[in-house]
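Overview (structure and organization)
Residues per chain, in single letters:
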Amino acid sequence: MSKLSLELEGDRHLIVRRKFAASPSAVYRAHTDEAIIQKWMLGPPGWTMPKCQCDPKPGGKIRYDWANDEGASFYLTGEFIELIPNQKTVHVERMHLPDPTPDNHVVTEFKADSSGTLMVMQMTMPDAATREAMLASGMENGMEESYVRLEQEISDAQ
């Protein structure tokens, strides 16, 4: 059963919630450390991340390249706007499939709770059609599979 929940808000927002049995600092680090990101942010089985660039500072660049066993590939680019260590990241991202998608503004908060961390991610798309296309891509399953790997990475590091 997925620990991930998605909630639609208005026409352009998507709220992702996910609990982790780890501290906010560990979950934050897993979202900002290139070496860790490259191990867990892979989506469904068969995909790898041959290139991972994450410069966690305001104005810092993001680039993640994915490839699968069948020769398919795509990538994401973005820029950080704000970071509050162990608490929050704000960035803008776009997928290149191969053409770039409209910008997605992402605010991710890492909140301590009784069992570890509640991550709350708010994605803001330019319009309802962009949000619907994102949801139709199967992103929910890929995100949850990646977050299961993130939990394992954090567990192995402790």
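Right above here is the structure, for reference.
Turning next to the overall build of the protein chain. In terms of regular secondary structure, the protein chain is built from four helices and eight strands. For the protein chain, the sequential pattern of α-helices and β-strands runs β-β-α-α-β-β-β-β-β-β-α-α. When its C-alpha atoms are laid out on the principal axes, the protein chain stretches across 40 × 40 × 35 Å. Looking at the protein chain residue by residue over its 158 residues, the buried ones come to 42%. In the protein chain, of all internal contacts separated by at least 6 residues, the share reaching a separation of at least 24 is 43%. Carbon together with sulfur atoms contributes 53% to the accessible area of the protein chain, which is approximately 8200 Å² in total. Between the centroid of the 16 positive side chains of the protein chain and the centroid of its 24 negative side chains there is a distance of 5 Å.

Our next topic: helix 3 (residues 128-136). In an α-helix, one turn spans 3.6 residues, which is why side chains three or four residues apart end up on the same side. Within helix 3, burial applies to Thr130, Arg131 and Met134. Each buried residue of helix 3 sits inside an arc of 100° when the element is viewed along its axis, so together they form one side. Exposed and oriented more than 90 degrees from the buried face of helix 3 are Ala129 and Ala136. Structurally, helix 3 contributes buried residues whose contacts are with strand 1 (4-9), strand 2 (13-20), strand 7 (104-113), strand 8 (116-124) and helix 4 (139-157). Glycine 138 sits one or two positions beyond helix 3 and adopts a positive phi of about 85°.

This brings us to the pairing of strand 2. Most of strand 2 sits inside the fold, with six of its eight residues counted as buried. Across six bridges, strand 1 lies against strand 2 in antiparallel orientation. Residue pairing across strands places serine 5 opposite arginine 17, the latter belonging to strand 2. Between strand 1 and strand 2, which pair antiparallel one after the other, the connecting turn spans three residues, and glycine 10 there sits at a positive phi close to 60°.

This paragraph deals with the packing of helix 1 (residues 24-32) against helix 4. Put simply, helix 1 and helix 4 touch, their axes get as near as 11 Å, and they point 115° apart. The two elements helix 1 and helix 4 cross, and the hand of that crossing is right-handed. Residues Ala26, Val27, Ala30 and His31 of helix 1 form the contact with helix 4, whose participating residues are Tyr147, Leu150 and Ile154. Residues that form the contact of helix 1 with helix 4 fall into these classes: six nonpolar, one polar and no charged.

What counts as what
- Residues numbered from 1 in each chain as written.
- Predicted model: local features only at pLDDT ≥ 70, side-chain atom pairs only at ≥ 80, totals over all residues.
- Heavy atoms only, no water.
- Helix = DSSP H or I, 4+ residues; strand = E, 2+ residues; numbered from the N terminus.
- Buried < 20%, exposed > 50% of the residue type's maximum accessible area, 1.4 Å probe, protein only.
- Contact = heavy atoms within 4.5 Å.
- Areas by Shrake-Rupley, 256 points an atom, 1.4 Å probe, with all protein chains shown as cover.
- Lys, Arg positive; Asp, Glu negative; His and termini not counted.
- Charge placed at Lys NZ, Arg CZ, Asp CG, Glu CD.
- Arc of directions from axis to C-beta.
- Pairing = 2+ DSSP bridges.
- Axes fitted to C-alpha atoms, helices over the stretch in contact; angles between N-to-C directions.
- Left-handed = near helix turned anticlockwise from the far one by under 90°.
- Nonpolar A, V, L, I, M, F, W, Y, C, P; charged D, E, K, R; others polar.

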